[in-house]
Amino acid sequence: MNMLYDLCKNNSNSRKIFYCSIKYAAIIALLTGTRYLLWFENFLLIGSEILIPFSLFVLIELLIINVTSSFSYMILNNKMKFKRFFSFLHFKYFKFNCITLITYALFFGGCTFVVHYFRFYTYPFISRNIVYILAVILLALNSFKLIFSYFRAKYPNAKIKDITGMYFEFLLHNKMNIFVFNMKFIPYIALYFFLIIIFNMTDFEMIVYVMLNSCLYGVGIFLFPCYFYGLDKLVRSVKE
């Protein structure tokens, strides 16, 4: 929890940052809720027809990546007007987003689709332990997505090939630093899993759990800004 303390202590805009984080969590929850509803309507499709929900997953993943990149840009540059959440969806980024759609969105959206397939298509035949394993897989994927979103936000006018180069160079040359950095968030993750257990005792509609999970059952409101600030500090330190 030291990162949260440091963020609040050393940043005079910490209150604005967390208000911004709440808005980000709400947008992501709406997107994942929409994705789930579309999935629920189509998840019984098999064969070639499965491309319908799969394509929707990829498209919504592109929106999530862009909103996350915007959130990172907003808090790192202290520009937190609501309209900036959609700044990377501007037409001038059309080519960038098209390439992102068939690369990063395809990968992360495809992986999320597979996890949802096992989670919901095989429900209730999978064990609770499998559900937890799937949650860990999604967390790992999201950490890589957050790192990409950071570089997208840090260099908003760079070409995607340049951002891709910086992204993979950072991942390949700082594996141990990234691992240690992520380990600092274990208290947040432990709280997240505790909340999963608590909420599993309730009987809300499944869409509620899906939307809550997108913001780590509320823990993400604090984790996401700390992650981006800590990541920015890490990236700058390894460059020195």
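To keep things clear, this report deals only with the structure shown in the data block. Everything numeric here is computed off the predicted structure, so don't read it as measured data.

Notes on the overall build of the chain
Item 1. Scanning the chain from terminus to terminus reveals eleven helices and zero strands.
Item 2. Each helix (α) and strand (β) of the chain, taken in turn from the N terminus, gives the series α-α-α-α-α-α-α-α-α-α-α.
Item 3. Here the contacts in the chain between residues at least 6 apart in sequence split such that 74% fall between residues at least 24 apart.
Item 4. Accessible surface, the chain: about 13100 Å² in total, of which carbon and sulfur atoms supply 68%.

Considerations on the side chain of R35
Item 1. Relative to the helices and strands, R35 is located in helix α2 (residues 14-42).
Item 2. Relative accessible area serves as the criterion here: at 8%, R35 is assigned to the buried category.
Item 3. Apart from residues no more than four positions distant in its own chain, R35 is found in contact with F57, I60, E61, I64, T112 and H116.

Notes on the environment of F54
Item 1. Relative to the elements of secondary structure, F54 occurs in helix α3 (residues 51-76).
Item 2. For F54, a relative accessible area of 23% gives the class partly exposed.
Item 3. In this structure F54 touches L106, G110 and F113, once residues within four positions along its chain are discounted.

So, the packing of aromatic side chains
Item 1. One pass over the full model with this rule turns up 25 aromatic pairs.
Item 2. Judged by centre distance (5.2 Å) and plane angle (70°), the rings of F107 and F108 are edge-to-face.
Item 3. Relative accessible area serves as the criterion here: at 46%, F107 is assigned to the partly exposed category.
Item 4. Considering the side-chain rings of F185 and Y227, the 5.1 Å spacing of their centres and the 40° angle between planes classify their relative orientation as tilted.

Basis of the calculations
Residues numbered from 1 in each chain as written. Predicted model: local features only at pLDDT ≥ 70, side-chain atom pairs only at ≥ 80, totals over all residues. Heavy atoms only, no water. Helix = DSSP H or I, 4+ residues; strand = E, 2+ residues; numbered from the N terminus. Contact = heavy atoms within 4.5 Å. Areas by Shrake-Rupley, 256 points an atom, 1.4 Å probe, with all protein chains shown as cover. Buried < 20%, exposed > 50% of the residue type's maximum accessible area, 1.4 Å probe, protein only. Phe/Tyr/Trp six-rings, centres within 6.5 Å; stacked < 30°, edge-to-face > 60°.

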